[in-house]
Amino acid sequence: MKKSKILTAIITFLVSSTLVYAAPSISNDGEKSELNADEVEYDMDTGIVTATGNVILKHGTGVATGAKAQYNVNTEEAYLTDNVIVIRDDMKLTCNRLLSDGYGHMQADGNVHAEQTVAPTAQNPQGDLRTFTGDHVDYYPDDRKHIIIPGGGLLTSKTEGTFTADYMEGWIDDQYFVGTGNAHIVSPPRNLEAGGDRIDYYAAENGKAVLTGNAWAYQDNNTLKGNRLTVYLADDKKPKEKADENPFADKIRKKPPIDDSPKVNQPFGDIAN
């Protein structure tokens, strides 16, 4: 295998197919690739390429850095270790170790922290900064960027608050996340705290959170409890219609004004009811 093809393969797997970016892992995608390291070795017997010391991998707009990188040209396994940093477009990932098994499954281990800068929209003109934190994260890029944090994790939103659970998973493309076991959300902008056995969080639906199983929510001096609760953490900035403010406004009966004027010419005189 030519050196340029080997380097492109390494960079494609470690940059284009990381926890934070799910571009197809193909070596002929037309994007420029570059590898810089203090030392690069290729063992033709094992098919393993090893780069050590100040490793910098570049592919298109993606950059990955670490102390050591390995790629097996036979199994397509890729490994990047020690102070790993991966940046691609609006996403950034840091961890201690990053592994790709060559079958559409990535693993990030040790102080995993990923953050995404969300561009401003009509509903959220200030944009957002979302983060994902855990000790171990499994990632399946071909399944709508499916992430699994089996040991529990933390999801944060600068505009909406925090979401934690003993077990978490989500689909970044769909902006849908699930937490089970001691699921808990805190929303400082709404002065809201809530929890339950499970929380389904729909970031694209105005921060909709559906709590099920021993669900509870506290806001100001109000308390809600039930088997299923739905709360909204985001503010869509949509002006409220009058009907939204009081859906019963047109149902309220108005009392007629009291007529206490003297009664004159009553045809039946003073008859008691």
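Residues numbered from 1 in each chain as written. Predicted model: local features only at pLDDT ≥ 70, side-chain atom pairs only at ≥ 80, totals over all residues. Heavy atoms only, no water.

**Examining the overall build of the protein chain**
Put simply, the rule is: For helices the rule is a DSSP run of H or I covering at least 4 residues; for strands it is a run of E covering at least 2, with both sets numbered from the N terminus onward. We call a residue buried when its accessible area falls under 20% of the maximum for its residue type, exposed when it is over 50%, and partly exposed in between, using a 1.4 Å probe and counting protein chains only. What sets the accessible areas is the Shrake-Rupley method with a 1.4 Å probe; for residues, cover comes only from the shown protein chains.
A count of helices and strands for the protein chain gives two helices and 18 strands. Of all 273 residues assigned to the protein chain, the portion counted as buried reaches 39%. Carbon together with sulfur atoms contributes 49% to the accessible area of the protein chain, which is approximately 16100 Å² in total.

**Section: the nonpolar core**
What counts here: As used here, the term nonpolar core means buried Ala, Val, Leu, Ile, Met, Phe, Trp, Tyr and Cys residues forming a set that is joined through side-chain atoms within 4.5 Å. Contacts: residue pairs with any heavy atoms within 4.5 Å of one another.
Residues Leu98, Phe163, Ile185 and Tyr201 are the most contacted members of the largest nonpolar core, which totals 41 residues. Setting aside anything within four residues of it in sequence, one finds Tyr201 in contact with Leu155, Glu160, Phe163, Gln175, Tyr176, Phe177, Gly207, Lys208, Ala209 and Leu233.

**Describing the pattern of salt bridges**
Selection rule: The rule for a salt bridge is simple: a side-chain nitrogen of Lys or Arg has to be within 4 Å of a carboxyl oxygen of Asp or Glu.
Taken as a whole and assessed by the stated rule, the structure comprises six salt bridges. Among the salt bridges present, the one from Asp143 reaches Arg144, with a minimum N-O distance of 3.2 Å. A salt bridge links Lys145 to Asp173, with the nearest nitrogen and oxygen atoms 2.7 Å apart. Linking Lys145 in the loop between strand 10 (128-140) and strand 11 (146-149) with Asp173 in the loop between strand 14 (167-171) and strand 15 (176-187), this pair joins segments that are 28 residues apart in sequence.

**Brief notes about the side chain of Asp138**
What counts is decided by this rule: When charges are counted, Lys and Arg are positive and Asp and Glu negative, with His and the chain ends excluded. Two N or O atoms count as a polar contact when they lie within 3.5 Å, although within protein this holds only if one can serve as hydrogen donor and the other as acceptor, and sequence-adjacent residues are included solely when both atoms are side-chain atoms.
Mapped onto the elements of the fold, Asp138 is located in strand 10. Buried charge Asp138 goes without a salt bridge, the closest partner of opposite sign being Arg97 at 12 Å. A polar side-chain atom of Asp138 sits 2.8 Å from a polar atom in the side chain of His136. Beyond its immediate sequence surroundings of up to four residues, Asp138 is in contact with His105, Met106, Gln107, His146, Ile147, Ile148 and Pro150.

**Here we look at the confidence of the model for the protein chain**
As a note on interpretation, predicted positions should not be read in detail where pLDDT is low. Going by this rule: Per-residue confidence from the predictor is given as pLDDT, running between 0 and 100.
Across the protein chain, the average pLDDT comes to 79, with 74% of residues at or above 70. In the predicted structure, residues 16-28 sits below a pLDDT of 50 and forms 40 contacts with residues beyond four places in sequence or in another chain.

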